[in-house]
Amino acid sequence: MTKEIAVIGLGQFGGSAVKQLHKLSADVTVIDISESKVKYYEDYAVECIVGSATDEKMLKTIGIEHYDEVIIAIGEDIQTSILCTLILKELGVESITAKAQSNHHGKMLKKVGADNVLHPETEMGIRLANQLVNMSLVDYMEISDDTAIVEYDANERFINSALINIGIREKFGLNVIAIKRNKEVIVPPDPQMNILENDVLVIIGKIKNLNRFESKMIKPKS
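By the naming in an unreviewed UniProt entry, the protein chain goes by Ktr system potassium uptake protein A and is assigned to Jeotgalicoccus saudimassiliensis.

Right, let's talk about the overall build of the protein chain for a bit. Helix and strand counts for the protein chain come out as nine helices and eleven strands. Restricting the contact set of the protein chain to residue pairs at least 6 apart, pairs at least 24 apart contribute 54%. Just so you have it, the protein chain exposes about 12700 Å², and 51% of that area is on carbon and sulfur atoms.

Let's shift gears to the nonpolar core. Within the largest apolar cluster, 26 residues are counted, with the highest numbers of intra-cluster contacts made by I8, L59, I64, V70 and L88. If you list the elements that add at least two residues to this core, you get β1 (4–8), α3 (56–61), β4 (69–72), α4 (78–90), β5 (96–99) and α5 (103–112). Per-element accounting of this core gives the leading share, four residues, to α4. Here V70 is in contact with A6, I8, I64, L88, V93, S95, I96 and T97, once residues within four sequence places are set aside. Counting residues in hydrophobic clusters, the runner-up holds 22 residues, among them A154, I168, I186 and I203.

On to helix α9 (residues 207–217). Along α9, the positions that sit buried rather than exposed are I207, N209, L210, F213, E214 and M217. Looking down the long axis of α9, one finds its buried residues gathered within 155° of arc, a one-sided arrangement. Relative to its buried face, α9 has exposed residues pointing more than 90 degrees away, namely K208 and S215.

A separate point is the pattern of salt bridges. Enumeration according to the criterion identifies five salt bridges in this entry. For the salt bridge of K89 with D115, the shortest nitrogen-to-oxygen distance reads 3.4 Å. Taken as a pair, K89 in helix α4 and D115 in the loop between α5 and β6 (116–118) lie far apart in primary sequence, 26 residues in all. Where E151 meets K180, a salt bridge forms, and the shortest distance between an N and an O atom there is 2.9 Å. Of this pair, E151 sits in strand β8 (residues 147–153) while K180 sits in strand β9 (residues 175–181), placing them 29 residues apart in sequence.

To continue, consider the side chain of E214. With respect to the helices and strands, the residue E214 is situated in helix α9. Engagement of the side chain of E214 in a polar contact is seen with the side chain of Y152, the distance being 2.6 Å.

The buried fraction of β8 amounts to five of the seven residues, a majority that puts the element mostly inside the structure. Judged from the seven bridges that link them, β8 and strand β11 (residues 200–206) form a sheet pairing that is antiparallel. Bridge pairing links E151 to V202 in β11.

Let us now look at the side chain of S81. Its location among the elements puts S81 in helix α4. A distance of 2.9 Å separates a polar atom in the side chain of S81 from the backbone oxygen of I78. Side chain to side chain, S81 and H105 meet in a polar contact 2.7 Å long. Non-local contacts of S81, meaning those with residues more than four positions away in its chain, are made with I72, I74, H105 and L109.

Glancing now at the packing of aromatic side chains. For the coordinates displayed, the defined rule picks out five aromatic pairs. Plain terms: the ring middles of F158 and F213 are 6.1 Å apart, the flat faces sit at 5° to each other, and that makes the pair stacked. Of the two residues, F158 is situated in the loop between β8 and α7 (163–166) and F213 in helix α9; the sequence distance between them amounts to 55 residues. Taking relative accessible area as the criterion, F213 reaches 0% and is therefore assigned buried. A centroid spacing of 5.3 Å and a plane angle of 80° characterise the contact between F172 and F213, whose relative ring orientation is edge-to-face. Pair noted here: F172 is in helix α8 (residues 168–172) and F213 is in helix α9, with a separation of 41 residues, a long-range link. When its relative accessible area of 4% is taken as the criterion, F172 is described as buried. Put simply, the rings of Y152, F158, F172 and F213 touch in pairs and so form one group of aromatic residues.

The rules we used
- Residues numbered from 1 in each chain as written.
- Predicted model: local features only at pLDDT ≥ 70, side-chain atom pairs only at ≥ 80, totals over all residues.
- Heavy atoms only, no water.
- Helix = DSSP H or I, 4+ residues; strand = E, 2+ residues; numbered from the N terminus.
- Contact = heavy atoms within 4.5 Å.
- Areas by Shrake-Rupley, 256 points an atom, 1.4 Å probe, with all protein chains shown as cover.
- Core = buried A, V, L, I, M, F, W, Y, C linked by side-chain atoms within 4.5 Å.
- Buried < 20%, exposed > 50% of the residue type's maximum accessible area, 1.4 Å probe, protein only.
- Arc of directions from axis to C-beta.
- Salt bridge = Lys/Arg side-chain N within 4 Å of Asp/Glu carboxyl O.
- Polar contact = N/O pair within 3.5 Å; in protein donor to acceptor, adjacent residues only side chain to side chain.
- Pairing = 2+ DSSP bridges.
- Phe/Tyr/Trp six-rings, centres within 6.5 Å; stacked < 30°, edge-to-face > 60°.

And the structure:
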């Protein structure tokens, strides 16, 4: 069943979300106060609305409460994003994802009803720092305060060893949920399979365990 998703705010973050949702065949409604921005994204959306994020009458008219997800991607206007979140929750929107500019902003969004709060600038900073320090790290994504999914290039300690013999779960309490091999993604990987050169290991676990794994098994960037 096709998901119906509304994106409010068409800056860089909101616009990127719209394009990706379009690729994933979601029915996207875009809302922004800027007519030029709305026009730019009309090829990616099933409905395009020029209007304020806090226009309760407009939000009621389009039946915002029936959408599967509403993404509040408003940029610098913290007050508007908080008020929009409050209005959406009062209108009965089931799932709201909101972009936060700071930890304090994120706490306010949670308090007024956001189900998911994103900190894209913070997350990108963390990802960049990890990649600069560790040349084997391909990608890093925190999924909670203490848990992350990390992708590592297989180094010489892993190559030609069976996954089960590396002891990632037994020694570090981590789980290899996939292996990327060329253009193939192996999910779930067979514990008996050998790791090959250029494989990428996708690992999930507690951040403290991931840090311990990195310090013992992954070479730091020299």
